[in-house]
Amino acid sequence: MPDTASHEPGGLAVRDVSFRYGSRTALDGVGFEVAPGRFAALLGPNGAGKSTLFSLLTRLFTTRDGRILVAGHDLSRHPRAALARMGVVFQSQTLDLDLTIRQNLSYFAALHGLSGREAALRIDAALERLAIADRAGEKARNLNGGHRRRTEIARALVHRPSVLLLDEPTVGLDAAARAAITDHVHRLAAEDGLTVLWATHLTDEVTDGDRLVVLHRGRVLADGECGALRGGRSLRDYFLATTGADAPEAVPGGPA
Amino acid sequence: MSHHLVALRAIVLREALRFVHQRERFLAALVRPLVWLVVFAAGFRAALGLSIIPPYQTYITYETYIVPGLCGMILLFNGMQSSLSLVYDRETGSMRLLLTAPLPRGWLLFCKLLGSTAIGILQVYAFLAVAFAFGIEMSAAGYVAALPALLLAGLMLGALGLAISSLVRQLENFAGVMNFVIFPMFFLSTALYPLWKMAESSDLLRDICAANPFTHAVELIRFALYGQVNGMAFLWVLLSLAAFLALALWGYDPARGMVRRKG
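The residue numbering used here restarts from 1 in each chain and proceeds along that chain's sequence as written. Labels are handed out in written order, letters beginning with A for the chains and numbers beginning with 1 for the ligands. With the structure being a predicted model, the display of local features is reserved for residues of pLDDT at least 70 and the display and counting of side-chain atom pairs for 80 or more, all residues being used for whole-chain, interface and lining totals. Computation of side-chain values covers all heavy atoms of the structure but excludes hydrogens and water.

Chemist: I keep staring at the overall build of chain A and nothing clicks. Help me out?
Modeler: For chain A, the helix and strand inventory stands at 8 helices and 10 strands. C-alpha atoms define the radius of gyration, and 2.2 Å times the number of residues to the power 0.38 defines the globule rule. Relative to the compact-globule value of 18 Å for 256 residues, chain A shows a C-alpha radius of gyration of 18 Å, a close match. Seen through its C-alpha atoms, chain A measures out along the principal axes to roughly 50 × 40 × 35 Å. Looking at the 256 residues of chain A, the share that counts as buried comes to 55%. Two residues qualify as a contact provided that any one of their heavy atoms is within 4.5 Å of a heavy atom in the partner residue. Look at the contacts in chain A between residues 6 or more apart in sequence, and 69% of them connect residues 24 or more apart. Here, Shrake-Rupley sampling with a 1.4 Å probe gives the accessible areas, and only protein chains in the shown set may cover a residue. Summed over its atoms, the accessible surface of chain A is roughly 10,200 Å², and 49% of this surface lies on carbon and sulfur atoms. Strands are runs of DSSP state E lasting at least two residues, helices are runs of H or I lasting at least four, and both sets are numbered from the N terminus onward. Whether a residue is buried, partly exposed or exposed follows from its accessible area with a 1.4 Å probe, protein chains only, as a fraction of its type maximum: under 20%, in between, or over 50%, in that order.

Here it is in structure tokens:
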């Protein structure tokens, strides 16, 4: 059931979310909202709490502190309604390598209650959207890293979610594949009106028009439009200055 | 078809497709009990005299005695192996993907359990076919009657694996659990020797065997193969299934956070 208290029924809202692993605080009062159709980059160095936040957003585990609204549905009160509106691309690879692209997508479509002709049509459309329709009959094992990622993004779109979450989706990809994936997902927001949350530690994946949320040590340090936030500086300089010099891994092109 | 059933069919189909692609797993599942049947049983036949105990109505060879235990062994390994794949899945993310499906988590876990049990039952029948070729024959009715027993035993052992997978965070720990679960469960059961034989060496040992859920899984299968129902074993397996399922659900409860990993 839609939560009428939300102003942005199509978007994503994280409100005052905290989480602890035993005595260690991983997230401390994290809050931000992403309007429908916006591309938001969740930028933070390794260990900032991005993965923990993704685990909470995908309901791998839950917290009592704070609320998460997906397309207006409260994730803790109406988890199934919220999950149905959400597409997820995990950081680790989640394809069955011995199955074909189509089998992988059919499996996922069925998890969302889609079968038969309806599922086939949606799978075709999603593969078409990511320009991998010609590979549908191939085993995932035969695809390179970039195409596997595209397949996972296509899979996350099969049930036509309104919110797409991606957890460091370009890890392990070469520069060309990285740029292509980043570009694809930006277009999904701009052209299809999808709300996107893109977690990364690489500043060159964020454009000036994107919404930028900087997460560091479990707190939101900055939240606004990327171009306005960075001002005259490069995003990289802005990011390093905001998070302090103790995050060398955040430097794009630095040692992996 | 309802959303629940569409998902069930897809999850079982995925398990089956994955299994088809893992030929070595199927061969291992088949060869392991056959080695026991051919090598172990041949050596022990002379050493172990078996009296006539239910459900047998005549003297039986040792090979005949251990066939139900080996069926149980296949289900035990299969249950543990699929939970091993759950731990691995959880690391790589496909378990996480499954858990983002907009269905009750308990149902998703049950579908997964049913899928892996179905694979286990296929392996058991493959083994029984080979055993038949070795001259260990049951009646046609016995093979049919064994199906519900295998299903129940497979679900119970799979649920145990599921519960363990929710409690174990790392693959290394899991290897230890395999040693501390599979071997004791198998050896401290009636798979290889009947209870009275155990009692000859130690009453304590016999009591442990009698309490072991795996013993009851084996006895349920043994009686079913001869067209009989062992009520006591049935109850034990059913209760164990309920207990292990409850433990697994608790372990995978997002609020309990057994699935939590430092991140």
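Chemist: It is not clear to me how the pattern of salt bridges should be interpreted in this structure. Could you clarify?
Modeler: Pairs can form between side chains of opposite charge whenever their charged atoms are close. Residues and elements named next belong to chain A. For salt bridges, the criterion is a side-chain nitrogen of Lys or Arg within 4 Å of an Asp or Glu carboxyl oxygen. Here the structure, examined in full by the defined rule, presents 25 salt bridges over all chains. Ionic pairing is found between Glu168 and Lys50, a salt bridge with its closest N-O pair at 3.2 Å. Linking Glu168 in the loop between strand 7 (163-167) and helix 6 (175-192) with Lys50 in helix 1 (residues 50-57), this pair joins segments that are 118 residues apart in sequence. When its relative accessible area of 7% is taken as the criterion, Glu168 is described as buried. Notably, a salt bridge pairs Glu191 with Arg187, separated by 3.6 Å at the nearest N-O pair. One end of the pair, Glu191, and the other, Arg187, are both in helix 6, 4 residues apart, so they sit about a helical turn from each other.

Chemist: Just checking my understanding: could you explain the sheet that holds strand 10 (residues 219-225) of chain A for this structure?
Modeler: The pairing of strands in a sheet happens through backbone hydrogen bonds and is either parallel or antiparallel. All names here are of chain A. Across the sheet, 6 strands lie side by side as 6-7-8-3-9-10; this open sheet has mixed pairing. The sheet is open, and its two borders are formed by strand 6 (86-89) and strand 10, each paired with just one other strand. Each adjacent strand pair in this sheet contributes to an overall mean axis angle of 15 degrees, direction not counted. Two elements, strand 3 (residues 39-43) and strand 8 (residues 195-200), share 5 bridges in a ladder whose sense is parallel. Pairing of Leu42 across the sheet is with Ala199, part of strand 8. Along the sheet face, helix 5 (residues 145-157) touches strand 6 and strand 7 and points at about 165 degrees away from the line of strand 6. Axis lines are fitted to C-alpha atoms, over the contacting stretch for helices. Their N-to-C directions set the angle, which ranges from 0 to 180 degrees. Here helix 8 (residues 235-243) sits on the sheet and contacts strand 3, strand 9 (211-216) and strand 10; the angle it forms with strand 9, its principal contact strand, is near 35 degrees. Strands are labelled as partners when DSSP assigns at least two bridges between them.

Chemist: Teacher, can you tell me more about the interface of chain B and chain A here?
Modeler: Every contact between the two is made by 33 residues of chain B and, on the other side, 34 residues of chain A. The junction of chain B with chain A conceals about 3,000 Å² of combined surface from both sides, 62% of it contributed by carbon and sulfur atoms. One can count 2 salt bridges joining chain B with chain A. The partner of Arg18 of chain B in a salt bridge is Asp96 of chain A, with the nearest N and O atoms 3.1 Å apart. At the level of secondary structure, the elements contributing two or more residues to the side of chain B that touches chain A comprise helix 1 (3-20), helix 3 (62-92) and helix 4 (94-99) of chain B. If one sorts the elements of the side of chain B that touches chain A by residue count, helix 1 of chain B sits on top with 10 residues. Each residue is assigned to one class: nonpolar for Ala, Val, Leu, Ile, Met, Phe, Trp, Tyr, Cys and Pro, charged for Asp, Glu, Lys and Arg, and polar for all the others, Gly among them. Taken together, the residues that form the side of chain B that touches chain A break down as 15 nonpolar, 9 polar and 9 charged. Once two parts are brought into contact, the accessible area they lose, counted with a 1.4 Å probe and summed over both, makes up the buried area.

Chemist: Looking at this structure, I do not really get the nonpolar core. What am I missing?
Modeler: One broad trend across soluble globular proteins is that nonpolar side chains are buried collectively. In this description, a nonpolar core means a group of buried Ala, Val, Leu, Ile, Met, Phe, Trp, Tyr and Cys residues linked to one another through side-chain atoms lying within 4.5 Å. Ranked by size, the top nonpolar core spans 59 residues in total, and within it Leu37, Phe127 and Phe186 of chain B carry the most contacts. Contact partners of Phe127 of chain B, with chain neighbours within four places excluded, come to Leu30, Pro33, Leu34, Leu37, Val67, Leu70, Cys71 and Ile74 of chain B. By size, the runner-up hydrophobic cluster in this structure holds 56 residues, among which are Phe108 and Val163 of chain A together with Leu109 and Ala248 of chain B.

Chemist: How should I be thinking about the packing of aromatic side chains in this particular structure?
Modeler: Two descriptors summarise a pair of aromatic rings, namely the distance from one centre to the other and the angle between the planes of the rings. All names here are of chain B. Between the rings of Phe, Tyr and Trp (Trp by its six-membered ring), a pair exists once the centres lie within 6.5 Å; its type follows the angle of the planes, with under 30 degrees stacked, over 60 edge-to-face, and the other angles tilted. Considering all chains together, one arrives at 15 aromatic pairs over all chains under this definition. Plain terms: the ring middles of Phe19 and Phe26 are 5.5 Å apart, the flat faces sit at 85 degrees to each other, and that makes the pair edge-to-face. Phe19 gets classed as buried once you look at its relative accessible area, which sits at 8%. Considering the side-chain rings of Trp36 and Phe40, the 4.7 Å spacing of their centres and the 55 degrees angle between planes classify their relative orientation as tilted. One end of the pair, Trp36, and the other, Phe40, are both in helix 2 (residues 23-47), 4 residues apart, so they sit about a helical turn from each other. Residue classification places Trp36 among the buried positions, given a relative accessible area of 17%. For Phe40, a relative accessible area of 21% translates into the label partly exposed. Members of the aromatic cluster, joined through ring pairs, are Trp36, Phe40, Phe183, Phe186, Phe187 and Phe214.

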